[in-house]
Amino acid sequence: MLAGLSGQTIHSGSPKISVPDGAIFTDDVFVCASGSRRYRLYVPACAKESITGVVMMLHGCTQTPDDFAAGTGMNALADRHGFVVIYPAQSRGDNAQSCWNWFSRGDQRRGKGEPAILAGLAQKICADYGVTRDDTFVAGLSAGAAMAVILGETYPDVFAAVGAHSGLPAGSAKDVPSAFAAMAGNALVGPDPETASHRVRTILFHGSADRTVHPSNGEGIARRARTVGSTQSVETSDMGVASGRSHTKEISSDVDGTVSVEHWTVEGQGHAWSGGQPGGSYTDPNGPDASAEMVRFFFETENKDF
């Protein structure tokens, strides 16, 4: 299993998702020259008045869009803040464990494979709802986080910011053996001129007790996000406690005060979504609410009430 989700309870079947009056949760297929993927689309009832943005959510291995929606609680945040959520689905035909193929060279570059499919899907939904790049974001868990990071580097013209939970840096693996090495903390990380050319704002979470994807990978994502296309920055650190877990937040800000990177380390947390909901798999109800913090980070530069 690659960037899998071992050591947590797996729910059988897909959870039932409650949809408020006026909202819709559809199932469709996106097709482009690079391939196709099924996806779920959540549109809040307030979309009839206005849409604030689009957030793409990439599930982890063995998960489904419904499972990920239930565990992250992102639909409720969409209802509150007025954005559309895309949940692409990885099929067992494309990966036996339903993992996004972050470790495959053919799925790490612009214009090819899964990055091209996912970016194309995001562009389609944004066009449908009149959303610009500045209000388009991508987040994921584990293998989904690794793919989200790749999308941020390969399609900075599509995604304005990235959220990565328990993920791995872009370029950390090139095949199955190096993927397992990366997960163990021995990543092959180095700036790739074909992907690493533009700095994209990044928020990431990683548990200090993650035994599936070593916490050093979170440090690698943060380091890469700070250095790719970077200018001078100001580094600060903050400590706190949320829902019974202490955490450290390392913040990198540009000279104009814009926060470019937030790196959250949650003490004692394993390979699970921080502050997640019990209806989904691979969630930890304790710790800071990763979903709410990601949404706040994504939209805060717009000076919106998040």
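The paragraphs below set out a description of the structure included in this document. (Residues numbered from 1 in each chain as written. Predicted model: local features only at pLDDT ≥ 70, side-chain atom pairs only at ≥ 80, totals over all residues. Heavy atoms only, no water.)

**Some words on the packing of helix H2 (residues 74-81) against helix H7 (residues 290-299)**
- The interhelical angle for the contact between H2 and H7, taken along N-to-C directions, is 40°, at an axis separation of 10 Å. The angle between the axes of H2 and H7 places the two elements in the oblique class. As for how H2 packs across H7, the hand of that crossing is right-handed. For the pair formed by H2 and H7, the contact residues are Met74, Leu77 and His81 on the first element and Ser291, Ala292 and Val295 on the second.
- Taken together, the residues of the contact of H2 with H7 sort by class into 4 nonpolar, 2 polar and no charged. (Axes fitted to C-alpha atoms, helices over the stretch in contact; angles between N-to-C directions. Helix = DSSP H or I, 4+ residues; strand = E, 2+ residues; numbered from the N terminus. Parallel < 35°, antiparallel > 145°, perpendicular 65-115°, else oblique. Left-handed = near helix turned anticlockwise from the far one by under 90°. Contact = heavy atoms within 4.5 Å. Nonpolar A, V, L, I, M, F, W, Y, C, P; charged D, E, K, R; others polar.)

**A short note on helix H4 (residues 143-154)**
- Taking 1.5 Å per residue as the helical rise, H4 with its 12 residues ought to reach 16 Å, and the 16 Å between its terminal C-alpha atoms agrees with that figure.
- The element H4 is largely enclosed, with a buried count of 12 among its 12 residues.
- Those residues of H4 not exposed but buried are Ala143, Gly144, Ala145, Ala146, Met147, Ala148, Val149, Ile150, Leu151, Gly152, Glu153 and Thr154.
- Among the structural elements, strand E3 (53-58), helix H3 (113-129), strand E5 (136-141), strand E6 (161-165) and helix H6 (216-227) are those in contact with the buried residues of H4. (Expected span 1.5 Å × (residues − 1). Buried < 20%, exposed > 50% of the residue type's maximum accessible area, 1.4 Å probe, protein only.)

**Considerations on the sheet that holds E5**
- One open sheet accounts for 10 strands, arranged E1-E2-E4-E3-E5-E6-E7-E10-E9-E8; its pairing is mixed. The open sheet has two edge strands with one neighbour each: strand E1 (24-32) and strand E8 (233-242). Within the sheet, the average angular offset between the axes of one strand and its neighbour, ignoring direction, is 15°.
- Pairing of strand E7 (residues 201-207) with strand E10 (residues 259-266), which is carried by 6 bridges, proceeds in the parallel orientation. (Pairing = 2+ DSSP bridges.)

**Brief notes about H6**
- The end-to-end C-alpha distance of H6 is 16 Å, a good match for the 16 Å that 12 residues give at a rise of 1.5 Å each.
- Among all positions of H6, only Asn217, Gly218, Gly220, Ile221, Ala222, Arg224 and Ala225 are buried.
- If you follow the buried residues of H6, they end up packed against H4, E6, helix H5 (176-183), E7 and E10.

**Observations concerning the state of the cysteines**
- As enumerated under the stated definition, the model contains 1 disulfide in all.
- The disulfide bridge from Cys61 ends at Cys99, spanning 2.0 Å between sulfur atoms. Judged by the sign of its S-S torsion, about 125°, the bond between Cys61 and Cys99 is right-handed. Taken as a pair, Cys61 in the loop between E3 and helix H1 (65-72) and Cys99 in the loop between strand E4 (83-88) and H3 lie far apart in primary sequence, 38 residues in all. The same class applies to Cys61 as to Cys99, namely buried. (Disulfide = S-S within 2.5 Å.)

**Here's the deal with the packing of aromatic side chains**
- With the rule as written, the count across this model stands at 8 aromatic pairs.
- Seen from their ring centres, Trp102 and Phe103 are 5.6 Å apart, and the 90° between their planes marks the pair as edge-to-face. Per residue, the accessibility class of Trp102 equals that of Phe103, and both read buried.
- Three or more aromatic residues joined by ring pairs make a cluster, and in this case those are Phe83, Phe137, Phe298 and Phe299.
- One Lys or Arg, Arg40, reaches over the ring of Phe25 and ends 4.0 Å from the middle of that ring.
- Sitting over the ring of Phe297, Arg201 keeps its end group 4.0 Å from the ring centre. (Phe/Tyr/Trp six-rings, centres within 6.5 Å; stacked < 30°, edge-to-face > 60°. Lys NZ or Arg CZ within 6 Å of the ring centre and 35° of its normal.)

**Quick notes on the pairing of strand E2 (residues 35-43)**
- With 9 bridges joining them, E1 and E2 adopt antiparallel strand pairing. Looking across to E2, one finds that Asp28 is bridged to Tyr39.
- Between E1 and E2, which pair antiparallel one after the other, the connecting turn spans 2 residues.
- Two elements, E2 and E4, share 4 bridges in a ladder whose sense is antiparallel.

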